[in-house]
Amino acid sequence: QERLQRALSDVGLELTPTQDRLNDYNSVQNTYLAIFQMLGGLGLLLGSVGLGIVVLRNVLERRSELALLRAVGYSIPSIRLLIRREHVFMLTMGLLVGVIAALVAILPSLRSSTSQFPFGFTLAILVALIANGLFWVWLATQFAVTGSVATSLQEN
């Protein structure tokens, strides 16, 4: 190795062990993966804001329906609980489908012995996504039964 480096130093020969070269390539690859994981997490958090908008729109479109429930004797807390359960179920199913799809996508990476998967960061993104989604569902349901029953019934 030393003889080759001395003899071919004029043409720029540099010999490095294969393991060092592979580690350099893997560090670049891991940097790209970390960037894309961060962007994906940001996209998920923005998507949960979209969930809040969908829940709010759904609730606003169903105002007369909710007013009818109030008129026949349902209490405001029970109506809010009904709406929360409905939309938390939607959030749970969306997250479940997304997590299963993500696991299928990263399965080859998990099986590889050379890469280290950032479980802590991924779990933190998932917890933040759940908390954000629950916040938007809660916020939207707070607006669910505001206003007059009579006015809401007259809208449709």
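The preceding data block contains the structure.
Residues numbered from 1 in each chain as written. Predicted model: local features only at pLDDT ≥ 70, side-chain atom pairs only at ≥ 80, totals over all residues. Heavy atoms only, no water.

Draft legend 1. Spotlight on the overall build of the chain. The secondary structure content of the chain amounts to six helices and zero strands. Along the chain direction, N to C, the helices and strands of the chain fall in the order α-α-α-α-α-α. Against the globule reference of 15 Å for 156 residues, the chain gives a C-alpha radius of gyration of 27 Å, more extended than a compact globule. In terms of its C-alpha atoms, the chain occupies a principal-axis envelope of roughly 95 × 30 × 20 Å. In the chain, which comprises 156 residues, the proportion classed as buried is 17%. In the chain, once contacts between residues fewer than 6 apart in sequence are set aside, the share between residues at least 24 apart is 82%. Accessible surface, the chain: about 11100 Å² in total, of which carbon and sulfur atoms supply 67%. For the chain, the distance from the average site of its 11 positive side-chain charges to the average site of its 9 negative ones is 14 Å. (Helix = DSSP H or I, 4+ residues; strand = E, 2+ residues; numbered from the N terminus. Rg over C-alpha atoms; globule rule 2.2 N^0.38 Å. Buried < 20%, exposed > 50% of the residue type's maximum accessible area, 1.4 Å probe, protein only. Contact = heavy atoms within 4.5 Å. Areas by Shrake-Rupley, 256 points an atom, 1.4 Å probe, with all protein chains shown as cover. Lys, Arg positive; Asp, Glu negative; His and termini not counted. Charge placed at Lys NZ, Arg CZ, Asp CG, Glu CD.)

Draft legend 2. Region of interest: the packing of aromatic side chains. Summed over all chains, the structure comprises two aromatic pairs. Consider the rings of F135 and W136, whose centres lie 5.3 Å apart with planes at 70°: the pair is edge-to-face. Overall, the relative accessible area of 24% leaves W136 in the partly exposed class. One aromatic cluster is present, formed by F135, W136 and W138 through successive ring pairs. (Phe/Tyr/Trp six-rings, centres within 6.5 Å; stacked < 30°, edge-to-face > 60°.)

Draft legend 3. Spotlight on the packing of helix α4 (residues 76-111) against helix α5 (residues 119-142). At a minimum axis separation of 10 Å, α4 and α5 run at an interaxial angle of 160°. In terms of axis orientation, α4 runs roughly antiparallel to α5. Considering the relative orientation of α4 and α5, their crossing is right-handed. Contacts from R80, I83, R84, H87, V88, L91, L95, V99 and L110 in α4 reach F119, L126, L129, I130, G133, L134, V137, W138, T141 and Q142 in α5. (Axes fitted to C-alpha atoms, helices over the stretch in contact; angles between N-to-C directions. Parallel < 35°, antiparallel > 145°, perpendicular 65-115°, else oblique. Left-handed = near helix turned anticlockwise from the far one by under 90°.)

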